Each structure stands twice: as structure tokens, then as C-alpha cells.
Amino acid sequence: VGHCHPDVVKAAHEQNQLLNTNSRYLHDNLVDYAERLSKTLPEKLCIFYFLNSGSEANDLALRLARQYTKHEDVIVLDHAYHGHLTSLIDISPYKFRNLEGQKEWVHVAPVPDTYRGLYREDHEDSVTAYADEVKNIIEHAHKRGRKIAAFFAESLPSVGGQIIPPAGYFQKVAEHVHSAGGVFIADEIQVGFGRVGKHFWAFQLQGEDFIPDIVTMGKPIGNGHPLACVATTKEIAEAFAATGVEYFNTFGGNPVSCAIGLAVLDVIEKEQLQAHATEVGNFLMKILKEQQIKHPIIGDVRGCGLFIGVDLIKDQAE
């Protein structure tokens with residue numbers, strides 16, 4: 001919502017003057033904020049855990065998935081990055097390929113990139129072809145006696161090259177993952193909160209019939225303040241609570257963070273930032289596409305709202 005947005009700064013300052021304590025002490029801001037966030041999401045995503053960073057959120061999502069499914073393995077997209085904790089480096093091909101390599105419980109699926117990926121725009125059904133790659137991974141894992149806990153993906157792969165997955169891909173993948181007893185985790189840390197313009201969440205670009213089992217949030221949620229969130233279903237949260245080991249985060253969901261989170265949502269609404277992202281994004285795409293006609297080095301211009309990728313190439317044919 002912009003550097004030092006006065007409404008966000010004011011909310012932080014006012015709450016700081018009243019009370020800033022750890023989250024063992026109940027405070028209305030936490031409930032009010034969870035309620036406001038829930039209005040932006042599908043109804044079944046109704047349980048919220050508050051944390052301090054996107055990495056913390058993704059780590060918790062992993063724990064939730066494993067506790068609920070009682071499985072260990074995770075399927076991720078190639079080139080993905082999900083955070084800096086050890087657990088997340090393990091599921092980030094972007095990182096682990098330069099470090100200790102791929103763990104036995106990690107499976108890497110090809111990015112659903114219809115420009116330079118395995119199956120391109122000229123393919124008769126790239127959606128099914130990419131989803132079948134995930135299905136094959138599951139079958140291969142089962143043959144080795146392994147079980148899938150989760151398919152973990154950014155709703156729009158960012159480090160992987162600002163990829164816009166073809167609509168319907170997530171639905172088909174979710175089908176394969178659910179039938180294997182796993183859950184679908186949508187990482188919205190970079191692409192949520194109206195950035196894509198026409199929707200509040202990037203996973204909604206896939207269509208109304210797609211709802212992830214877990215959604216993680218970070219980065220823009222607090223406009224630079226350390227704040228993050230995991231949203232999930234009652235069933236998954238209950239399985240997590242059944243261990244008797246409660247989830248506790250000293251500052252996750254403290255009164256100041258929640259006041260800031262509420263202010264950010266107010267600004268997005270009041271200043272119509274979703275519509276703004278659509279308008280500015282469309283304008284930028286139009287100008288970039290004009291450049292594409294003039295410069296053969298520009299192979300592809302793609303995007304949605306203010307999530308835009310320009311693919312620079314050496315050879316148009318290849």
C-alpha cells in the first residue's frame with residue numbers, strides 16, 4: 001500500500017501507545033482481523049494462525065499437512081522458492097540444488113509454463129499434460145512405498161519466472177493429490193492481497209471451483225511490518241490440535257501487528273488498490289507488448305495485474 005502509508009503508521013502508533021504484548025493475552029484486534037481476512041477467502045478456509053514471516057507461515061503449513069495426512073512427502077514445482085528455514089530450503093529447488101541436493105521425500109514437478117516449458121501453447125491440452133506429470137510423480141512415489149502429504153506451490157510461480165499457470169491446472173492437480181491422501185497448499189506470500197487485480201487471491205484466477213486446503217500469506221500483509229498468516233479448514237486445524245501440542249507464537253498476532261493488518265486491508269479497500277493494480281498492470285502490459293513487436297529479444301510478455309514477466313530470449317524459434 002506504499003512506503004510509510006499514513007493510515008498504517010497511525011494504526012501502529014495508536015496501538016503501540018495502548019498495548020503491545022505477546023499473544024498469550026487475548027485481544028480484540030486478533031479476532032477482528034481474522035474476521036476481516038475470512039471475508040476475502042472461501043468459506044471453508046476459516047481457521048487462522050498468525051505468525052511473523054512468510055517463512056514461518058510456510059513451515060507451519062508443512063506441519064499442518066503432515067499432521068493431518070500422516071504422510072511425509074511433498075511435491076513442489078521446479079525452480080520454486082518457499083522460504084529460508086531449513087524445512088523450506090528442502091522444498092525449494094531454487095535453493096537446494098546449490099546446497100545439499102534433493103531429499104528423498106521431495107518430488108519436483110515441471111512448472112506449468114506454456115511459453116518455454118515442457119508443454120507449450122501449441123500443445124492440444126497443456127493443462128492435462130502438466131497435471132499428469134504430478135499424477136506420474138504420485139504413482140512413482142507410491143511404488144517406492146512413499147506417501148504424499150502435500151502439493152506445495154505458489155499460486156503464480158514467481159522465482160520460477162513469473163509464470164501464469166493455465167486455468168484448470170490446479171483443479172486437476174488437486175484431484176490427483178487428494179486421491180493420494182494429500183492436501184493442496186497455495187503460497188500467496190508474493191501474489192496475494194489484490195496484486196493480480198481482478199481477484200484478491202491469485203489462486204482465484206484458476207476459477208471458482210478451486211479452493212486450496214491451506215493458504216499462506218506474508219510480505220504485503222503488514223506493508224513491511226513482520227506479519228504473516230496461515231488460513232486452513234476446521235478439519236486440518238482439528239487434526240493439528242489433536243496432538244495436544246498447542247501452536248504458540250510469542251508475537252504472531254500481537255495487538256500492534258493486527259492493528260497494522262487491519263489498516264492495510266482498509267487502505268486496499270478505501271483506495272481501490274485492486275482496480276488500480278488491474279489498470280496500471282494493463283497499461284504496463286500494453287506498452288511492453290508494443291516493445292515486443294519492435295525487439296526480437298522479447299520472446300514473451302505475460303502477467304495479471306501487477307505481476308508481470310518479460311521473457312528475454314536468444315532465438316524466437318527455439
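What counts, and where the lines are drawn
Residues numbered from 1 in each chain as written. Predicted model: local features only at pLDDT ≥ 70, side-chain atom pairs only at ≥ 80, totals over all residues. Heavy atoms only, no water. UniProt positions renumbered as here; feature names shortened; annotations may be inferred. Helix = DSSP H or I, 4+ residues; strand = E, 2+ residues; numbered from the N terminus. Buried < 20%, exposed > 50% of the residue type's maximum accessible area, 1.4 Å probe, protein only. Polar contact = N/O pair within 3.5 Å; in protein donor to acceptor, adjacent residues only side chain to side chain. Contact = heavy atoms within 4.5 Å. Core = buried A, V, L, I, M, F, W, Y, C linked by side-chain atoms within 4.5 Å.

The protein chain appears in an unreviewed UniProt entry as AT2L2 lyase from Certhia familiaris. In its Sequence similarities (unreviewed entry) section, the UniProt entry covering the protein chain states "Belongs to the class-III pyridoxal-phosphate-dependent aminotransferase family." Check the Cofactor (unreviewed entry) section of the UniProt entry for the protein chain; it says "pyridoxal 5'-phosphate".

Observations concerning the side chain of His107
Along the chain, His107 turns up in strand E3 (residues 106-109). In this structure His107 comes out as buried when scored by relative accessible area, which is 7%. A polar contact of 2.7 Å, which involves the side chain of His107, links it to the side chain of Asp73. If we skip the residues at most four places from it in the chain, His107 touches Asp73, Val74, Ile75, Val76, Gln102, Ile137, Ala141, Arg144 and Ile148.

Quick look at the nonpolar core
In terms of nonpolar packing, the biggest core is built from 53 residues, with Tyr33, Leu37, Val134, Phe151, Tyr169, Phe193 and Met217 touching the most fellow members. Setting aside residues up to four positions removed in sequence, Leu37 forms contacts with Phe48, Phe50, Phe193, Met217, Cys229 and Leu265.

Topic: the environment of Ile214
With respect to the secondary-structure elements, Ile214 resides in strand E6 (residues 214-217). Separated by 172 residues in the primary sequence, Ile214 and Pro42 have C-alpha atoms spaced 11 Å apart. Once residues lying within four places of it in the same chain are set aside, the contact partners of Ile214 are Leu45, Ala61, Leu64, Ala65, Val183, Phe184, Ile185, Ala186, Val230, Ala231, Thr232 and Ile236.

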